[in-house]
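Structural description and commentary
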Number of protein chains: 2
Amino acid sequence: MSDFKLIVKSIFRQYDVDFIDNGVAIIEELLSENHIHVIIDEKVADLHQHRMPWLDRVTSLIKIEATEQDKDINTVQKIAETLLRNGITKNDFIVVIGGGIIQDVGAFTANILKRGINWIFLPTTLLAQCDSCIGSKVGINMSNFKNQLGIFWPPTRIIVDIEFLVTLEKLEIVSGIGEILKVHLISGEDDFKNVERDFDKMISDFSVLKNYIYRSLEIKRRIVEKDEFDVDYRHILNYGHTFGHSIEAYTKNAVPHGIGVSIGMEIANYISMKKGYISEAVRKRISSVIRKNIPYEKLDYRDHERLSRILKQDKKFDGHKLSVIICRGIGNIVQEKMPIDEEFLNLIDEYAEMF
Amino acid sequence: MSDFKLIVKSIFRQYDVDFIDNGVAIIEELLSENHIHVIIDEKVADLHQHRMPWLDRVTSLIKIEATEQDKDINTVQKIAETLLRNGITKNDFIVVIGGGIIQDVGAFTANILKRGINWIFLPTTLLAQCDSCIGSKVGINMSNFKNQLGIFWPPTRIIVDIEFLVTLEKLEIVSGIGEILKVHLISGEDDFKNVERDFDKMISDFSVLKNYIYRSLEIKRRIVEKDEFDVDYRHILNYGHTFGHSIEAYTKNAVPHGIGVSIGMEIANYISMKKGYISEAVRKRISSVIRKNIPYEKLDYRDHERLSRILKQDKKFDGHKLSVIICRGIGNIVQEKMPIDEEFLNLIDEYAEMF
């Protein structure tokens, strides 16, 4: 029934990722014997309602906006109250349909209600399908504190239905591909050769993209199964993220996440080359793929004071040094601590100038 | 250094329960190298401040009232905001000092902050020391929904300092002993013989009581390690609780928890005898110990409508039958489903009349 299946072993439980065309139909089947409570991105509900006529028959239907403001403890409380008023029990299912923000809000609610309710996740963005849906990480905001509340809580089941990708904007696809490139670079030569060869097809052909979504989850699975609680080894998944996040913040989120990660990997690789960890040839080879995923004419992060202030707010800055994920070759991505000094900031500039 | 030590294996991590006289001194040692954030029952802070002069030097000192109103998501939010304003990091320690309510609020906060912060628990009531401190269960209220938010989250370390018991009222000791009797009955003949012999000493001599606290945790540990997430086997720890909770509710919490559990075990055993699961001799033998722990002249739960309404709100009522933990002998405590009908309610009455 499912085209592909991936099984993820979590500390909490084992769960399946099922790749199913028109996977939303699975929820309709569940409806006959279970109470279903849906938390859905209101935009997705609009765009895909023709595929989900059964939405009229669920016990709870909660539509939320996928905004940073709504990724908040107050939203979680409101949803939890609605579900309790609707008489939710331990045997019911919460079905979460949306991208990363809806995932965060839904997972947090499902975790804290009655010590954990079963929840099924249908990721609708490429970023959520190829990356965030597995690995159990959940983060939400409270007051002015961004992502400071969080838990680890995996779904009971994930259904990847690539028809959701059809209604995404091109930039959202490009953004998701940033994370696909990241894990393929972490994985090694064979996987990187594949993305080198198929990059253009990936963007234009969803049947090709689907295989890369699957492979990305397969690579990520190996890492999160070893270190689900992100104690050390899993840090390599932050490749491109430290610089990526700082660029997202520097541009006040004008740069989408996966594109920030692409730029972040480029900067990490440039620093790696300057420190003698990789040759110029290797850097250029990787760059020739990643650059296709950065749809900008030029980059500019020249305000050192502003940039260093942002970098020092990173939770991977210990007061003295910043943990950066650098590149010692394709498939050899490692963590290293570096001071945030002028030399370091100059290297970031140099890359932007060369861009 | 510690008089006794118990190691509990949790799905999340392994943690120690250290029995240390004047164990509060451990926190002072930690202070020299760590940021410490204390969440403490305000009554305990008053009564034991002479033993904790270092409270003036902690990074956060949050005193809360141990009331059902404060065991709430809003309290958790307020504490979390204070800790974030005080710059709490993943490397800091939250130290929770109090009974079950403070444990619930502290554990919930420690779990959802930054995906889990280390927390040390110093239980100050007998109920918390002999029972709730291990096993990871956490429950809090939201609006009118009692205990409907919850998680599983064990402490990083537990320090049992029996000097906290000195300032408890007699009734709080009696209440705690209810849970001690429960696990010793679950355990078997040898353990039950010990409580039969030592019951009076336990109440009057804290050095004797300390051994029973240790043994109670040892018995509970075996059960929670097998079924931390309370899927099935762990249900036997609810022995006495279904009826106990209903009596607490019936009397609007005039009956303390552990005394409710004692009455609940008596009712469960009476029903077990009437169903032919145990002989009258066995029931009487158990009763002769438990009755000492019920400081009432008479019992009266004759309003069947009210009692059955309360029992039907129990989360162990599936709409048709109630899961009750019954007794098939000392050390043979098992789960059985029973309808809440007149026959069932009459048995509860019969016990109360006979009391």
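Treat the numbers as computed from the prediction; the structure is a model and nothing was measured.

A word on the overall build of chain A. Scanning chain A from terminus to terminus reveals 13 helices and eleven strands. For 355 residues, the compact-globule estimate of 2.2 N^0.38 gives 20 Å, and chain A sits close to it at 20 Å. For chain A, the spread of C-alpha atoms along the principal axes amounts to about 60 × 45 × 35 Å. The burial tally for chain A puts 45% of its 355 residues in the buried class.

With that out of the way, let us pick up the relation of the copies chain A and chain B. Think of it as a corkscrew move, a rotation about one axis and a shift along it, taking one chain copy to the other. At an RMSD of 0.0 Å, chain A and chain B line up after a rotation of 180° and a shift of 0.0 Å along the axis. Interpreted geometrically, this transformation is the action of a two-fold axis. Across chain A, the rotation axis passes nearest the C-alpha of Ile-11 of chain A, at a separation of 3.4 Å. Same-surface contact between copies: 100% of interface residues of chain A are shared with the interface of chain B.

All names here are of chain A. Once the domains are mapped, chain A shows domain 1 (4–167) and domain 2 (171–209 + 232–354). Between domain 1 and domain 2, the C-alpha centre-to-centre distance is 29 Å. Contact with domain 1, which involves seven residues of that partner, is made by nine residues of domain 2.

On to the interface of chain A and chain B. With 19 residues of chain A at the contact, the number on the chain B side is 19 residues. Listed by contribution, the elements that provide at least two residues to the side of chain A that touches chain B are α3 (73–85), α4 (100–112) and β8 (145–152) of chain A. Ranked by the residues each element gives to the side of chain A that touches chain B, the list is headed by β8 of chain A, at six residues. Of the residues that constitute the side of chain A that touches chain B, the class distribution is eleven nonpolar, five polar and three charged.

Residue and element names in this part refer to chain A. With respect to the helices, strands and loops of the structure, Ile-7 is situated in strand β1 (residues 4–9). When the 9 C-beta atoms within 10 Å are taken as the criterion, Ile-7 is described as exposed. As a C-alpha pair, Ile-7 and Ser-246 span 239 residues in sequence and 34 Å in three-dimensional space. Setting aside anything within four residues of it in sequence, one finds Ile-7 in contact with Gln-14 and Asp-16.

Right, let's get into the packing of helix α6 (residues 170–187) of chain A against helix α10 (residues 257–274) of chain A. Residue and element names in this part refer to chain A. It is at 6 Å that the axes of α6 and α10 come closest, and there the two elements cross at 40°. Between α6 and α10, the interaxial angle falls into the category oblique. α6 and α10 meet at a crossing whose hand is left-handed. Seen from α6, the contacting residues are Val-174, Ser-175, Gly-176, Ile-177, Gly-178, Glu-179, Leu-181 and Lys-182; seen from α10, they are His-257, Gly-258, Ile-259, Val-261, Ser-262 and Met-265. Classifying every residue of the contact of α6 with α10 gives six nonpolar, six polar and two charged.

Membership of the largest hydrophobic core comes to 200 residues, with the highest contact counts inside it found for Ile-39 of chain A together with Ile-39 of chain B. Ignoring any residue separated from it by four or fewer positions in sequence, one finds Ile-39 of chain B in contact with Ile-62, Ile-64, Ile-79, Ile-94, Val-96, Ile-102, Val-105 and Gly-106 of chain B.

All names here are of chain A. Taken together, seven strands build an open sheet; the order of strands is β1-β2-β9-β6-β5-β3-β4 and the sheet is mixed. Among the strands making up the open sheet, the edge pair consists of β1 and β4 (60–64). On average, each strand axis in the sheet is tilted by 15° relative to the strand beside it, whichever way the strands run. Both strand β6 (residues 118–123) and strand β9 (residues 157–160) contribute to a ladder of two bridges, which runs parallel. Bridged to Phe-121 within β9 is Ile-158.

Phi angles above zero are rare outside glycine, and Arg-115 of chain A is one such case at about 60°. Turning to its location among the elements, Arg-115 of chain A is positioned in the loop between α4 and β6. Positioned with a positive phi, Lys-252 of chain B is a non-glycine residue whose angle comes to about 50°. Relative to the elements of secondary structure, Lys-252 of chain B occurs in the loop between α9 (241–250) and α10 (257–274).

A few words on the environment of Val-76 of chain B. All names here are of chain B. Along the polypeptide, Val-76 turns up in helix α3 (residues 73–85). Judged by the 27 C-beta atoms lying within 10 Å of it, Val-76 is buried. With 13 residues separating them in the primary sequence, Val-76 and Thr-89 have C-alpha atoms 17 Å apart. Once residues lying within four places of it in the same chain are set aside, the contact partners of Val-76 are Val-105, Phe-108, Thr-109 and Ile-140.

So, about the packing of α9 of chain B against helix α12 (residues 304–313) of chain B. Residues and elements named next belong to chain B. Packing of α9 against α12 leaves a shortest axis separation of 9 Å and a crossing angle of 125°. The pairing of α9 with α12 is recorded here as oblique in orientation. Between α9 and α12 lies a crossing of right-handed hand. For the pair α9 and α12, the contacting residues are Ser-246, Ala-249 and Tyr-250 in the first and Arg-306, Leu-307, Ile-310 and Leu-311 in the second. The class makeup of the residues in the contact of α9 with α12 is five nonpolar, one polar and one charged.

Overall, the predicted model of chain A reaches an average pLDDT of 95, with 99% of residues at or above 70. What the predictor reports for the complex is a pTM of 0.94 with an ipTM of 0.92.

Residues and elements named next belong to chain B. As paired strands, strand β7 (residues 137–142) and strand β8 (residues 145–152) are joined by five bridges and run antiparallel to one another. Opposite Met-142, over in β8, you have Phe-145 as the bridge partner. The antiparallel hairpin formed by β7 and β8 contains two residues in its connecting segment, where Ser-143 sits at a positive phi of about 50°.

Quick notes on the rules
- Residues numbered from 1 in each chain as written.
- Chains lettered and ligands numbered in written order.
- Predicted model: local features only at pLDDT ≥ 70, side-chain atom pairs only at ≥ 80, totals over all residues.
- Helix = DSSP H or I, 4+ residues; strand = E, 2+ residues; numbered from the N terminus.
- Rg over C-alpha atoms; globule rule 2.2 N^0.38 Å.
- Buried ≥ 20, exposed ≤ 12 C-beta atoms within 10 Å, placed from the backbone.
- Least-squares fit on C-alpha atoms with pLDDT ≥ 70 in both.
- Contact = placed C-beta atoms within 7 Å.
- Domains from an automatic or database assignment.
- Nonpolar A, V, L, I, M, F, W, Y, C, P; charged D, E, K, R; others polar.
- Axes fitted to C-alpha atoms, helices over the stretch in contact; angles between N-to-C directions.
- Parallel < 35°, antiparallel > 145°, perpendicular 65-115°, else oblique.
- Left-handed = near helix turned anticlockwise from the far one by under 90°.
- Core = buried A, V, L, I, M, F, W, Y, C linked by C-beta atoms within 7 Å.
- Pairing = 2+ DSSP bridges.
- pLDDT = per-residue confidence, 0-100.

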